[in-house]
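# Structural features, examined
Each chain, letter by letter, is given below.
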Amino acid sequence: MAVHDSADMDENTKRPRLRIRIVFDDGEMIGPGKAELLERVDRCGSLAAAGREMGMSYKRAWQLIGILNAMFREPLVDSTRGGPGGGGAVLTEAGRKVLDLYRGFECDAAEAGAARLDTLQAMLRDVPEEK
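Note that the structure is a prediction, hence the values are computed from the model and not measured.

Conventions and cut-offs
Each residue is numbered by its place in its chain's sequence as written, counting from 1. Residue-level local features of this predicted model are given only where pLDDT is at least 70; pairs of side-chain atoms are given and counted only at 80 or more, and the full residue set underlies all totals for whole chains, interfaces and linings. Note that water and hydrogens are dropped before the side-chain values are worked out from all heavy atoms of the structure. Axis definition: a line fitted to C-alpha atoms, over the contacting stretch in the case of helices. Angles run 0 to 180 degrees between N-to-C directions. A run of DSSP states H or I qualifies as a helix once it reaches four residues; a run of E qualifies as a strand once it reaches two. Both are numbered from the N-terminal end. Any angle that is under 35 degrees is reported as roughly parallel, and any over 145 degrees as roughly antiparallel; angles of 65 to 115 degrees are reported as roughly perpendicular and all others as oblique. Contacts are residue-level and defined by heavy atoms, with any inter-residue pair within 4.5 Å sufficient. In this classification, Asp, Glu, Lys and Arg are treated as charged, Ala, Val, Leu, Ile, Met, Phe, Trp, Tyr, Cys and Pro as nonpolar, and every other residue, Gly included, as polar. Two rings from Phe, Tyr or Trp (for Trp, the six-membered ring) form a pair when their centres sit within 6.5 Å of each other. Planes less than 30 degrees apart are called stacked, planes more than 60 degrees apart edge-to-face, and all others tilted. A simple rule labels every residue: compare its accessible area, found with a 1.4 Å probe on the protein chains alone, to the largest value its type can have, and call it buried under 20%, exposed over 50%, or partly exposed in between. To estimate the expected span of a helix, subtract one from its residue number and multiply by 1.5 Å. The nonpolar core is taken to be a set of buried Ala, Val, Leu, Ile, Met, Phe, Trp, Tyr and Cys residues, with the residues joined through side-chain atoms within 4.5 Å. In this scheme the crossing of two helices becomes right-handed for a clockwise turn of the near helix relative to the far one and left-handed for an anticlockwise turn of less than a right angle.

## Section: the packing of helix H1 (residues 32–44) against helix H3 (residues 58–71)
Packed helix pairs are specified by the crossing angle of their axes together with the interaxial distance, meaning the distance between the axes. Where H1 meets H3, the closest approach of the two axes is 11 Å, and the angle between their N-to-C directions is 100°. Regarding the angle of H1 to H3, the classification is roughly perpendicular. Here Lys34, Leu37 and Leu38 of H1 lie close against H3, whose contacting residues are Ala61, Leu64, Ile65, Ile67 and Leu68. For the contact of H1 with H3, the residue count by class is seven nonpolar, no polar and one charged.

## Examining the packing of aromatic side chains
One pass over the full model with this rule turns up one aromatic pair. With a centroid separation of 6.2 Å and an interplanar angle of 80°, the aromatic rings of phenylalanine 24 and phenylalanine 72 are classed as edge-to-face. Linking phenylalanine 24 in strand E1 (residues 22–25) with phenylalanine 72 in the loop between H3 and strand E3 (77–80), this pair joins segments that are 48 residues apart in sequence. Look at phenylalanine 72 and you get partly exposed, because its relative accessible area is 24%.

## A look at H1
Counted at 1.5 Å a residue, the expected span for H1 with its 13 residues is 18 Å, and the 18 Å between its end C-alpha atoms agrees. Of the residues making up H1, those classed as buried are Pro32, Lys34, Ala35, Leu37, Leu38, Glu39, Arg40 and Val41. Within two residues after H1, glycine 45 carries a phi angle of roughly 70°, on the positive side.

## Let's talk about the nonpolar core
As a rule of thumb, soluble globular proteins bury nonpolar side chains together. Judged by nonpolar contacts, the single largest core of 22 residues is most densely connected at Leu37, Leu38, Val41, Ile65, Leu68, Leu76 and Val77. Contributing elements (two or more residues each) for this core: H1, helix H2 (47–53), H3, strand E4 (88–91) and helix H4 (93–112). Excluding residues within four positions of it along the chain, valine 41 makes contact with Ser46, Leu47, Ala50, Val77, Ala89, Val90 and Leu91.

## Focus: the packing of H1 against H4
Their axes nearest at 10 Å, the elements H1 and H4 cross at an angle of 135°. Overall, the two elements H1 and H4 adopt an arrangement that is oblique. Two packed elements cross with a definite hand, and for H1 against H4 that hand is left-handed. For the pair H1 and H4, the contacting residues are Pro32, Ala35, Glu36, Leu38, Glu39 and Asp42 in the first and Arg96, Leu99, Tyr102 and Arg103 in the second. For the contact of H1 with H4, a count of residues per class yields five nonpolar, no polar and five charged.

Laid out in C-alpha cells, this is it:
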C-alpha cells in the first residue's frame, strides 16, 4: 500500500490545492497537519524529530499523536520512551492504512474537482507579478 505524497498534488504552486480536514466528531479529525506529522514520524522514527521538522514542540506532537491513537480502534503510532538507548516512534500497520486512505481521499477529491478548480482559478482577478 503506497502512501500518497501531498507534494504530488501541487507540483505547480500556482495551481489551487485542496486542504481537506475530515471531521468525525468534536475534536476527532484528521487533516493535512496530522497527516504530515504521521509521514514525518514514519520517516524520522522519532516523534521529537518529526515535531522539530514541523516547527512544533515535542509536547504538541505528542498530544496530536495521542488524539489520533485514541480516535481509532488501533493505535496509529507506537512509541518508546527515551533513556540510555533513546526512544523512538513507528507507524503501525493501522497508521499506514489511515495515512494512505487520507492521502488517497485527497487525490480523489483533487481529481474529481479539477475542472471546478480550474474554473474558479480562471475567475480570479489578475495579480501583477512582484518585481
